[in-house]
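One-letter residues, chain by chain:
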Amino acid sequence: QVQLVESGGGVVQAGGSLRLSCAASGGTFSNHGMGWFRQAPGKEREFVSAITRNGGGTTYADSVQGRFMISRDNAKNTVSLQMNSLKPEDTAVYYCAAVAGAIPSRAPSQWAYWGQGTQVTVSS
């Protein structure tokens, strides 16, 4: 059983940056694909970014491509999301997710483990 704990959310002005972190425990971290999702009020949870087990492959939603960067440290069991040039539409609760093996589809239902989420608010 993998436990995930996010940190780093907060309030930032449009154009600013935030860095989210996710600490994993309870499993072999390097055996899990890792991802970030977000959910805004009244909307469904959506894919943001994912990274392969060895960190060699990354993928991003079109809406964040070029602004966000995902990374992982398998020695520290952490995955991070650097968010730059933030926009008000990036406001959401951000969730860390994990899945054993290869990264599945971007559908939240395909991901096995979830953190509690951290709030990101971007003011205009």
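One can find the structure itself at the top, above this paragraph.
Residues numbered from 1 in each chain as written. Predicted model: local features only at pLDDT ≥ 70, side-chain atom pairs only at ≥ 80, totals over all residues. Heavy atoms only, no water.

**Student:** Just checking my understanding: could you explain the overall build of the chain for this structure?
**Tutor:** Per the secondary structure count, the chain includes zero helices and eleven strands. Written out in order from the N terminus, the α and β elements of the chain read β-β-β-β-β-β-β-β-β-β-β. Taking 14 Å as the expected radius of gyration for a compact globule of 124 residues, we find that the chain reaches 13 Å, a close match to that expectation. Viewed in the frame of its principal axes, the chain has a C-alpha envelope of about 40 × 30 × 25 Å. Carbon and sulfur atoms provide 46% of the accessible area of the chain, an area that totals close to 6,100 Å². The chain carries 10 positive and 7 negative side-chain charges, and their two centres are separated by 5 Å. (Helix = DSSP H or I, 4+ residues; strand = E, 2+ residues; numbered from the N terminus. Rg over C-alpha atoms; globule rule 2.2 N^0.38 Å. Areas by Shrake-Rupley, 256 points an atom, 1.4 Å probe, with all protein chains shown as cover. Lys, Arg positive; Asp, Glu negative; His and termini not counted. Charge placed at Lys NZ, Arg CZ, Asp CG, Glu CD.)

**Student:** How do you make sense of unusual backbone geometry when you look at a structure like this?
**Tutor:** Not every positive phi belongs to a glycine, and asparagine 77 is a case in point at roughly 60°. Within the secondary structure layout, asparagine 77 lies in the loop between strand 7 (68-73) and strand 8 (78-83). For asparagine 77, a relative accessible area of 25% puts it in the partly exposed group. In this structure, serine 85 is a non-glycine residue whose phi angle is positive, near 50°. Relative accessible area serves as the criterion here: at 43%, serine 85 is assigned to the partly exposed category. (Buried < 20%, exposed > 50% of the residue type's maximum accessible area, 1.4 Å probe, protein only.)

**Student:** Please clarify how the side chain of glutamate 6 should be interpreted in this entry.
**Tutor:** Structurally, glutamate 6 is set in strand 1 (residues 3-7). At 3.1 Å, the side chain of glutamate 6 forms a polar contact with the backbone nitrogen of glutamine 116. Looking at glutamate 6, its side chain comes within polar contact range of the main-chain nitrogen of glycine 117, at 2.9 Å. When residues no more than four places from it in sequence are discounted, the contact partners of glutamate 6 are Ser21, Cys22, Trp36, Tyr94, Tyr95, Cys96, Gly115, Gln116, Gly117 and Thr118. (Polar contact = N/O pair within 3.5 Å; in protein donor to acceptor, adjacent residues only side chain to side chain. Contact = heavy atoms within 4.5 Å.)

**Student:** In this structure, what is going on with the sheet that holds strand 8? I would like to understand it.
**Tutor:** Sheet strands line up and pair through hydrogen bonds in the backbone, either parallel or antiparallel. Pairing within the open sheet is antiparallel, and its four strands lie in the order 1-3-8-7. Every other strand in the sheet has two partners, leaving strand 1 and strand 7 as the edge strands with one partner each. Strand after strand, the sheet turns through a mean of 15° between neighbouring axes, direction not considered. Note: strand 1 against strand 3 (residues 18-25), five bridges, orientation antiparallel. Among the inter-strand pairings, valine 5 is bridged to a residue of strand 3, identified as alanine 23. (Pairing = 2+ DSSP bridges. Axes fitted to C-alpha atoms, helices over the stretch in contact; angles between N-to-C directions.)

**Student:** Please explain the pattern of salt bridges as it appears in this structure.
**Tutor:** Opposite charge on two side chains lets them pair, provided their charged atoms get close. Using the criterion set out here, one finds three salt bridges in the structure. A salt bridge links arginine 38 to glutamate 46; the shortest N-O distance between them is 2.6 Å. Glutamate 46 sits in the partly exposed class, given a relative accessible area of 36%. Here arginine 67 makes a salt bridge to aspartate 90, at a shortest N to O gap of 2.7 Å. Of this pair, arginine 67 sits in the loop between strand 6 (58-60) and strand 7 while aspartate 90 sits in the loop between strand 8 and strand 9 (92-100); the two residues are 23 residues apart in sequence, bridging distant segments of the chain. Put simply, Arg38, Glu46, Arg67 and Asp90 are held in one network by salt bridges that share partners. (Salt bridge = Lys/Arg side-chain N within 4 Å of Asp/Glu carboxyl O.)

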